[in-house]
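In case you want the letters, here they are:
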Amino acid sequence: MPGRTKVTKMIDELYEEMMMKLKDMMKQSNSVSLTTDAAKMPTGDSYVAITGHWISSDWKLLSAVLAVSISNVSHTAEEIAALVQELGIKYTLDDRLDAIATDNGANFVAAMEDLLENGICEEHLNYLWSGGPITNLLVEIEEDDETCGEHLVNEIEIAATCSDAPAAARVSSLHETPRGHTLKLIKDVVTRWNSTYYMLARCVLLAVPLRKLIEELGLEGPTNDDWSAAQLLCHFMKPFQVVTDYLQGEKYPTLGSLSRKLSQLILYLSRPKPQQSWGLGKT
């Protein structure tokens, strides 16, 4: 069995071999786009990953993870911009880097502004359909309704995050799926697509055990009107979740469907508002 030094050398050689293969594959395309995102682990480490996307000479959509950076603190805009520039040199992207897609995190937005200003890439695509903008849109539509919008989301988020791990486990144990699996609460993450929708939908689904837990802990949770409004908000946000899930697919082209999907959302928003539904149930 090879020792640690030999294994390390083998890994390095395999990395160099795979990188050369990726370079050759990417040379087939005149245009390369990148997507990048960050995640913070329970250990406190922060990760940034960058994935390249291009179309091969035989018209196949190809993707590959090009870099993963780890830090014990959140990555700054300067570090993200430098990572993209290093990739451009390593994979000889030159003027073939057309667009970079990121979420709306402040560090990513600032990094992309720097790259655009220095001519590293031609376009920055910002994820538009996250939970926050949809919630803000509903606040504008329902600005006279105190049970909707930011107040509701804040109340539900507090209910979803205020309990400790054992208490949260009790919520999950009180609701089992037909296959015997338990469902856990979902926390809202502002940089994740549809994050607010997923949090609300799961809280509504687990409303009965969650309300029992809030009562046991002596907390002031959402009112009956809040829970009913949460159902209405989930109903409103569902089409956005369906459209964004479709548009972020990787196994089929999506650009040609963008205009049609946006038209469908505009038509949906132009319809009369649904009547408020009181009482709890599945979304």
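See the structure shown above.
Residues numbered from 1 in each chain as written. Predicted model: local features only at pLDDT ≥ 70, side-chain atom pairs only at ≥ 80, totals over all residues. Heavy atoms only, no water.

J.: Looking at this model, I keep getting lost on the overall build of the protein chain. Mind explaining?
T.: Counting its regular elements, the protein chain contains 10 helices and five strands. By the burial criterion, 37% of the 283 residues in the protein chain qualify as buried. At a minimum sequence separation of 6, the contacts of the protein chain that also span at least 24 residues come to 62%. When the accessible surface of the protein chain is summed, it comes to about 17,000 Å², and 56% of that surface belongs to carbon and sulfur atoms. (Helix = DSSP H or I, 4+ residues; strand = E, 2+ residues; numbered from the N terminus. Buried < 20%, exposed > 50% of the residue type's maximum accessible area, 1.4 Å probe, protein only. Contact = heavy atoms within 4.5 Å. Areas by Shrake-Rupley, 256 points an atom, 1.4 Å probe, with all protein chains shown as cover.)

J.: Help me understand the pairing of strand β4 (residues 97-102) in this model?
T.: In the case of a regular strand, side chains alternate between the two sheet surfaces. Here β4 lies mainly inside the structure; five of its six residues are buried. Looking at chain direction, strand β1 (residues 32-40) and β4 are connected through four bridges and run parallel. Along β4, the bridge assignment pairs Thr35 with Ala101. (Pairing = 2+ DSSP bridges.)

J.: Just to check I follow, could you spell out the packing of helix α2 (residues 77-90) against helix α3 (residues 106-117) for this structure?
T.: Between two packed helices, what matters for the description is the angle formed by their axes and the separation of those axes. Two elements in contact, α2 and α3, have axes whose closest approach is 8 Å; the angle formed by their N-to-C orientations is 50°. By the angle class used here, α2 and α3 are oblique. Pair α2 / α3 crosses with right-handed handedness. When α2 is examined against α3, the residues Ala77, Ile80, Ala81, Val84 and Gln85 are found in contact with a partner set consisting of Asn107, Phe108, Ala110, Ala111, Met112, Asp114 and Leu115. Residue classes in the contact of α2 with α3 are distributed as nine nonpolar, two polar and one charged. (Axes fitted to C-alpha atoms, helices over the stretch in contact; angles between N-to-C directions. Parallel < 35°, antiparallel > 145°, perpendicular 65-115°, else oblique. Left-handed = near helix turned anticlockwise from the far one by under 90°. Nonpolar A, V, L, I, M, F, W, Y, C, P; charged D, E, K, R; others polar.)

J.: What is the right way to read the packing of aromatic side chains from this model?
T.: Any aromatic ring pair is given by two values, namely how distant the centres are and how the planes are angled relative to each other. Applying the stated rule across the entire model yields four aromatic pairs. Ring geometry for Phe236 versus Tyr268: centroids 6.1 Å apart, planes at 40°, classification tilted. Remark: Tyr268 occurs in helix α10 (residues 258-270) and Phe236 occurs in helix α9 (residues 224-247); sequence separation between them is 32 residues. Given a relative accessible area of 12%, Phe236 falls into the buried group. Among the aromatic residues, those joined into a ring-pair cluster are Phe236, Phe240 and Tyr268. Directly above the aromatic system of Tyr246 lies the positively charged group of Lys261, at a separation of 4.5 Å from the ring centroid. (Phe/Tyr/Trp six-rings, centres within 6.5 Å; stacked < 30°, edge-to-face > 60°. Lys NZ or Arg CZ within 6 Å of the ring centre and 35° of its normal.)

J.: I'm lost on a nonpolar patch on the surface in this one. Help?
T.: On the surface, Met41, Tyr47, Val65, Val68 and Ile70 cluster together into a nonpolar patch covering about 450 Å² of accessible area. Considering every element that reaches the nonpolar patch, the biggest residue donor is strand β3 (residues 61-71), with three residues. For Ile70, a relative accessible area of 49% gives the class partly exposed. (Patch = residues over 30% accessible without salt bridge, like charges linked within 9 Å, V, L, I, M, F, W, Y side chains within 5 Å. Salt bridge = Lys/Arg side-chain N within 4 Å of Asp/Glu carboxyl O.)

J.: Please clarify how the side chain of Ser69 should be interpreted in this entry.
T.: As for its placement among the helices and strands, Ser69 is situated in strand β3. Of the polar contacts made by the side chain of Ser69, one reaches the side chain of His75; its length is 3.0 Å. The contact partners of Ser69, leaving out residues within four places of it in the chain, are Ser46, Tyr47, Val48, His75 and Leu83. (Polar contact = N/O pair within 3.5 Å; in protein donor to acceptor, adjacent residues only side chain to side chain.)

J.: Just checking my understanding: could you explain the environment of Val73 for this structure?
T.: One can find Val73 in the loop between β3 and α2. Separated by 27 residues in sequence, Val73 and Ser46 have C-alpha atoms that sit 6.0 Å apart.

J.: Looking at this model, I keep getting lost on the nonpolar core. Mind explaining?
T.: Grouped burial of nonpolar side chains is what soluble globular proteins tend to show. Leu34, Leu66, Tyr91 and Ile100 are the most contacted members of the largest nonpolar core, which totals 26 residues. Listing elements by their share of this core, those giving two or more residues are α1 (4-26), β1, β2 (46-55), β3, α2, β4 and α3. Residue contacts for Leu34: discarding those within four places in its chain leaves Ile50, Thr51, Gly52, His53, Leu66, Val84, Leu97, Ala99, Ile100 and Ala101. Within the second largest apolar cluster, 22 residues are counted, among which are Ile214, Trp227, Ala230 and Leu265. (Core = buried A, V, L, I, M, F, W, Y, C linked by side-chain atoms within 4.5 Å.)

J.: Would you mind going over a negative patch on the surface with me for this structure?
T.: On the surface, Glu78, Glu79, Glu113, Asp114 and Glu117 cluster together into a patch of negative charge. Among the secondary structure elements, those contributing two or more residues to the negative patch are α2 and α3. Structurally, the position occupied by Glu78 is in helix α2. Taking the relative accessible area as the measure of exposure, Glu78 reaches 60% and is therefore exposed. (Lys, Arg positive; Asp, Glu negative; His and termini not counted. Charge placed at Lys NZ, Arg CZ, Asp CG, Glu CD.)

J.: Would you take a moment to explain unusual backbone geometry for this structure?
T.: Most peptide bonds take the trans form, and the phi angle of most residues other than glycine is negative. Even without being glycine, Trp59 reaches a positive phi, approximately 65°. Secondary-structure assignment places Trp59 in the loop between β2 and β3. In the Ramachandran plot, Thr92 falls in the positive-phi region, its phi being about 45° despite a non-glycine side chain. In this structure Thr92 comes out as partly exposed when scored by relative accessible area, which is 32%.

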